[in-house]
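# A look at the structure
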Amino acid sequence: MTIEWDAGRLDSDLDGVGFDTLAVRAGQHRSPEGEHSEAIYPTSSYVFRTAADAAARFAGEVPGNVYSRYTNPTVRAFEERIAALEGAEQAVATSSGMSAILAMVMSLCSGGDHVLVSRSVFGSTISLFEKYLKRFGVQVDYVPLADLQAWSAAFKPNTKLLFVESPSNPLAELVDIGALAEIAHGKGALLAVDNCFCTPALQQPLKLGADIVMHSATKYIDGQGRSMGGVVAGKAELMKEVVGFLRTAGPTLSPFNAWIFLKGLETLRVRMQAHCASSQLLAEWLEQQPGIEHVYYSGLPSHPQHELAKRQQSGFGAVVSFEVKGGKDAAWRFIDATRVISITTNLGDTKTTIAHPATTSHGRLSPAERASAGIRDNLIRVAVGLEDIVDLKADLARGLAVL
Ligand SMILES: *Cc1c(COP(=O)(O)O)cnc(C)c1O
């Protein structure tokens, strides 16, 4: 559906414009009211001019909204903007990042299919596969993210989908997305990337060769910790299945949250640049502190995949993890000594957060599983926000002082 903007402007006026222009303007279909900021449409249903109009819209013969579980103008604006930023033919919004992953797997896989998942994915993603999807006959194996040979070796004749989070949380491991896409396609499988940590401002997996990309919009896309949501994006042919599942099962996005994400996208690139700049400074500074054993940040030349990160991403992200000298007690003392940074496991917020992965996000793993994931008891994860860098350093220095 093409609605004329005020003064006769059309969507096609945005053909060929840059990322920042798309982030601010893509997807807006201005109503005849001429609103400058995008409108919120809190409506569950839509009226039709005639019975014939209703029939034609239900039959999909004429475009238009029918019911907000299917489409909503504010949600659609967010979907179109994200599609533009990821370079996707189509995107569909979901009620959370987890429902984005659920929708993707439910629509692309059937019982008996085999899925390969990178070992260090988000905890609820593992629970979704282990506790629920396996019950419906989806077979799942886990592969160390960076090891391309291990990926090749893990295929079975029924492998349908590869699912990765790159960079990983909390140790900032990467996989060469282009190379993994080639491996997947060579075996007739699809590659899906959870792009939550980079956002399209730093990494565009579809352009690297992935087939499908998803986000927890709850994180950097909102960027200010206000609302839950997610999105799946990819080729129209694949998205048709995902859209069908979401329309039927119902975990769609509310127009209010879609509006928050639209506003979030408008500042995404400048926020990500600021997040990355502060993270780089903190990582370099932490690496020089005597109380710190190791810093995990792909912007550091000491990171084993620094070159890949430079090639694949336009920034190194905002998660800085480090091991302190000592064990769990030292890590906890460090965390408790901070006064400004929030003790929480969330990330992707203007507010910097600090967490102890071994006893929070990775607390349900057995000690052996934690060891194989590289999560030691002295590991601390900081998701760097947008406060003054001097204040963040001063706060982390409080932690260093009590080691
Ligand atoms: C938070 C997160 C999710 C889940 O998103 P929700 O919006 O919390 O449902 C999935 N993947 C990654 C990498 C995340 O950080």
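Just so you know, these numbers come straight off a predicted model, no measurement behind them. Along each chain, numbering runs from 1 in the same order as the chain's sequence is written. pLDDT decides what is reported in this predicted model: residues at 70 or higher carry local features, side-chain atom pairs at 80 or more are listed and counted, and totals for whole chains, interfaces and linings draw on all residues regardless. Side-chain numbers here rest on the full set of heavy atoms in the structure, without hydrogens or water.

### With respect to the site of the ligand
Close to the ligand lie 13 residues, the nearest being Met98, Asp194, Ser216, Thr218 and Lys219. In protein, a polar contact means a hydrogen-donor-capable atom and an acceptor-capable atom, both N or O and within 3.5 Å, with residues adjacent in sequence counting only if both atoms are side-chain atoms; elsewhere, any N or O pair within 3.5 Å suffices. In this structure, Asp194 approaches the ligand through a side-chain N or O atom, which is 2.6 Å from a nitrogen atom. Here Ser216 contributes a side-chain N or O atom positioned 2.8 Å from an oxygen atom of the ligand. Bound to the protein, the ligand loses 94% of the 380 Å² it would expose on its own. Note on residue classes: Ala, Val, Leu, Ile, Met, Phe, Trp, Tyr, Cys and Pro are nonpolar, Asp, Glu, Lys and Arg are charged, and everything else, Gly too, is polar. For the shell around the ligand, the residue count by class is 5 nonpolar, 5 polar and 3 charged. What makes a residue near a molecule or strand is one non-hydrogen atom of that residue sitting within 4 Å of it. Throughout, the Shrake-Rupley method with a 1.4 Å probe supplies accessible areas, and for residues the shown protein chains are the sole cover considered.

### Regarding the packing of aromatic side chains
Classification of ring pairs rests on two measures: the distance between centres of Phe, Tyr or Trp rings, Trp counted by its six-membered ring, which must be within 6.5 Å, and the angle between planes, read as stacked under 30 degrees, edge-to-face over 60 and tilted in between. In total, this model carries 5 aromatic pairs according to the counting rule given. On the numbers, 6.4 Å between centres and 70° between planes, the contact of Tyr297 with Phe316 is edge-to-face. Separated by 19 residues along the polypeptide, Tyr297 in the loop between strand S8 (292-296) and helix H13 (306-312) and Phe316 in the loop between H13 and strand S9 (319-324) bring together distant segments of the chain. Any residue under 20% of the maximum accessible area for its type is buried, any over 50% is exposed, and the rest in between are partly exposed; the area is computed with a 1.4 Å probe on protein chains only. Relative accessible area serves as the criterion here: at 1%, Tyr297 is assigned to the buried category. Two conditions define a charge sitting above a ring: the NZ of Lys or the CZ of Arg must be within 6 Å of the ring centre, and it must be within 35 degrees of the ring normal. Above the plane of the ring of Trp332 lies Lys328, whose end atom (NZ or CZ) is 4.1 Å from the centre. Each helix is a run of H or I in the DSSP string that is no shorter than four residues. Each strand is a run of E no shorter than two, and both are numbered from the N terminus.

### Remarks on the environment of Pro357
Relative to the assigned elements, Pro357 resides in the loop between strand S11 (353-355) and helix H15 (367-373). Looking at Pro357, the relative accessible area reads 2%, which means it is buried. Pro357 sits 165 residues away from Ala192 along the chain, and the two C-alpha atoms are 25 Å apart. Residues are treated as being in contact if the distance between any of their heavy atoms lies within 4.5 Å. Residues contacting Pro357, with those up to four places away along its chain left out, are Pro170, His362, Gly363, Ile375, Leu379, Ile380 and Arg381.

### Topic: the sheet that holds S9
What holds strands together in a sheet is hydrogen bonding between their backbones, with the strands either parallel or antiparallel. The criterion for strand pairing is that DSSP finds at least two bridges linking the strands in question. The strand order S8-S9-S12-S11-S10 describes an open sheet built from 5 strands, whose pairing is mixed. The outermost strands of the open sheet, each flanked by one partner alone, are S8 and strand S10 (342-343). By the bridge criterion, 2 bridges tie S10 to S11 in an arrangement that is parallel. Along S11, the bridge assignment pairs Ile343 with Ile354.

### Looking at the side chain of Thr353
You can see Thr353 is positioned in strand S11. Reaching out from Thr353, the side chain makes a polar contact with the backbone oxygen of Asn346 at a distance of 2.7 Å. Those residues in contact with Thr353 that lie beyond four places of it in its chain are Ile341, Ser342, Thr344, Asn346, Leu347, Arg381, Val382 and Ala383.

### Comments concerning the domain arrangement of the protein
As assigned here, the protein comprises domain 1 (2-266) and domain 2 (270-401). Between domain 1 and domain 2, the C-alpha centre-to-centre distance is 28 Å. Listed as interface residues are 29 residues of domain 1 and, on the opposing side, 32 residues of domain 2. Note on terms: buried area is the combined drop in 1.4 Å-probe accessible area of two parts once they are placed together, counting the loss on both. Together domain 1 and domain 2 conceal approximately 2600 Å² of surface at their shared face, both sides included; 54% is due to carbon and sulfur atoms. In terms of surface lost to domain 2, no three residues of domain 1 exceed Leu171, Leu202 and Tyr220, which account for 29% of the buried area on that side. A pairing counts as a salt bridge when a side-chain nitrogen of Lys or Arg comes within 4 Å of a carboxyl oxygen of Asp or Glu. On inspection of domain 1 and its partner domain 2, the count reaches 1 salt bridge. A salt bridge links Asp176 to Arg311; its shortest N-O distance comes to 2.9 Å. The interface formed by domain 1 and domain 2 includes 14 residue pairs in polar contact (both at pLDDT 80 or more). Top contributing element to the side of domain 1 that touches domain 2 by residue count: helix H8 (residues 199-202), with 3 residues. Looking at the side of domain 1 that touches domain 2 residue by residue, the classes come out as 15 nonpolar, 10 polar and 4 charged. Residue ranges for the domains trace back to a domain assignment, done automatically or taken from a database.

### Quick word on the sheet that holds strand S3 (residues 139-143)
Here we have 7 strands laid out as an open sheet, ordered S1-S7-S6-S5-S4-S2-S3, and mixed in their pairing. Edge positions in the sheet fall to strand S1 (90-94) and S3, since each has one partner strand and no second. Direction aside, neighbouring strands of the sheet carry axes that sit 20° apart on average. Across 3 bridges, the pairing between strand S5 (residues 190-194) and strand S6 (residues 212-216) is parallel. From the neighbouring strand, Asp194 faces S6, where its bridge partner is Met214. Axis definition: a line fit to C-alpha positions, over the contact stretch in the case of helices; interaxial angles, taken between N-to-C directions, run 0 to 180 degrees. The sheet contacts of helix H7 (residues 177-186) involve strand S4 (159-165) and S5, and relative to S5 the element is tilted by about 150°. Each of S1, S5, S6 and strand S7 (230-234) is contacted by helix H10 (residues 236-249), which is oriented at about 20° to S1, the strand it contacts most.

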